[in-house]
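# Chains, contacts and geometry: an overview
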Amino acid sequence: MKVFSLAVVLSPPGQNSTILSSATDLSSFSFYQRGSVGEFMSFFVRTIAERTPQGQRQSVQENTYTAHVYNRGGAEQLAGVIVTDQEYPVRPAFSLLTKLLDDFIAKVPQSSYSTPAVISFPEINTYLEKYQDPRQADAIMKVQQELDETKIVLHKTIESVLQRGEKINDLVDRSNNLSMQSKMFYKTAKKQNACCVIM
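Read on for an overview of the structure. All values derive from a computational prediction rather than experimental measurement.

### Topic: the overall build of the chain
Scanning the chain from N- to C-terminus turns up seven helices and five strands. When the helices and strands of the chain are listed from N to C terminus, the series reads β-β-α-β-β-β-α-α-α-α-α-α. Per-residue burial for the chain yields a buried fraction of 36% across its 199 residues. Taking as baseline every contact in the chain between residues at least 6 positions apart, the subset at least 24 positions apart corresponds to 52%. Accessible surface computed for the chain: about 12300 Å², of which carbon and sulfur atoms make up 54%.

Structure below.
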């Protein structure tokens, strides 16, 4: 998963868009390709921002790249664009764009939008670095990863019990803590699951 470009774009309806602030990570390209790739990213960002209606989000694929766009619209007429590889998940991308635009509006006065060269917004580089790993940046993905790791540990624990020669059926039969009704429920459920597995 890789984030190649992140940009805040002034995108008034029916007019050409202007990149107000951007950051790129082109380290995965050769030195000789970086200039051309950078130009392509800027073109891609402006074009996608112009063609996304205000108040909407969309994802557009081009070759091995995916651009996620959030055209916030409103009085500021700003859009956020992130260009990633195709493996990058959608939810963290749009979460980043929302945070990026909120931060940009809070720190950059609207009066400076007409002269992008004077806009200083170094936070965009921090966002680009932080969101290279979407699991660290997105709390829900982080929790999901932790749950997946817990499932693996539990699965290994059950396998280790079975490797010692014990069978779960024998444990259920010998258990004094289970009522006869619970033991019957377990056996019935196991038979039904076995039926479904065969199908």
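On we go.
### Details of the nonpolar core
One finds L6, L78, F104 and Y113 to be the most contacted residues of the largest nonpolar core, which totals 25 residues. Among the elements that line this core, the one with the most residues is helix α2 (residues 90-107), at seven residues. If near-sequence neighbours (up to four positions away) are discounted, L78 is found in contact with V8, V9, L10, L20, Y70, N71, R72, G73, L101, F104, I105 and Y113.

### A short note on the pattern of salt bridges
As enumerated under the stated definition, the model contains five salt bridges in all. For R72, the salt bridge goes to D102, with nearest N and O atoms at 2.6 Å. In this pair, R72 sits in strand β4 (residues 65-73) while D102 sits in helix α2, placing the two residues 30 residues apart along the sequence. By relative accessible area, D102 is classed as partly exposed at 38%. The shortest N-O distance in the salt bridge between K107 and D103 comes to 3.1 Å. One end of the pair is K107 and the other is D103, both in helix α2 and four residues apart, which spans about a single turn. Residue class for D103 comes out buried when judged on its relative accessible area of 13%. Within this structure, D103, K107 and E123 form a network of salt bridges that share partners.

### A closer look at the sheet that holds strand β3 (residues 56-62)
Strands pair in a sheet through their backbones, by hydrogen bonds, and they do so in one of two ways: parallel or antiparallel. If you trace the five strands from one edge of the open sheet to the other, you get β2-β1-β5-β4-β3, paired in antiparallel fashion. Only two strands of the sheet have a single neighbouring strand rather than two, namely β2 (18-24) and β3. The average angle at which neighbouring strand axes cross in this sheet is 15 degrees, direction not considered. Of the strands in this sheet, β1 (3-10) and β2 touch helix α3 (residues 123-130), which is tilted by about 145 degrees from β1.

### Looking at the environment of M41
Among the structural elements, M41 can be located in helix α1 (residues 34-50). Owing to a relative accessible area of 1%, M41 belongs among the buried residues under this scheme. Residues M41 and Y65 lie 24 residues apart in sequence; the distance between their C-alpha atoms is 9.6 Å. Contacts of M41, omitting those with residues within four sequence positions, involve F4, S5, Y65 and V83.

### Overview of the packing of aromatic side chains
Using the criterion set out here, one finds seven aromatic pairs in the structure. Each ring, one from F40 and one from F44, has its centre 5.5 Å from the other, and the planes form 20 degrees; the classification is stacked. Placement of both F40 and F44 in helix α1 is noted, with a separation of four residues, approximately one turn of the helix. Under the relative-accessibility criterion, F40 is labelled partly exposed at 27%. According to the relative accessible area criterion, F44 is buried, its value standing at 7%.

The rules we used
Residues numbered from 1 in each chain as written. Predicted model: local features only at pLDDT ≥ 70, side-chain atom pairs only at ≥ 80, totals over all residues. Heavy atoms only, no water. Helix = DSSP H or I, 4+ residues; strand = E, 2+ residues; numbered from the N terminus. Buried < 20%, exposed > 50% of the residue type's maximum accessible area, 1.4 Å probe, protein only. Contact = heavy atoms within 4.5 Å. Areas by Shrake-Rupley, 256 points an atom, 1.4 Å probe, with all protein chains shown as cover. Core = buried A, V, L, I, M, F, W, Y, C linked by side-chain atoms within 4.5 Å. Salt bridge = Lys/Arg side-chain N within 4 Å of Asp/Glu carboxyl O. Pairing = 2+ DSSP bridges. Axes fitted to C-alpha atoms, helices over the stretch in contact; angles between N-to-C directions. Phe/Tyr/Trp six-rings, centres within 6.5 Å; stacked < 30°, edge-to-face > 60°.

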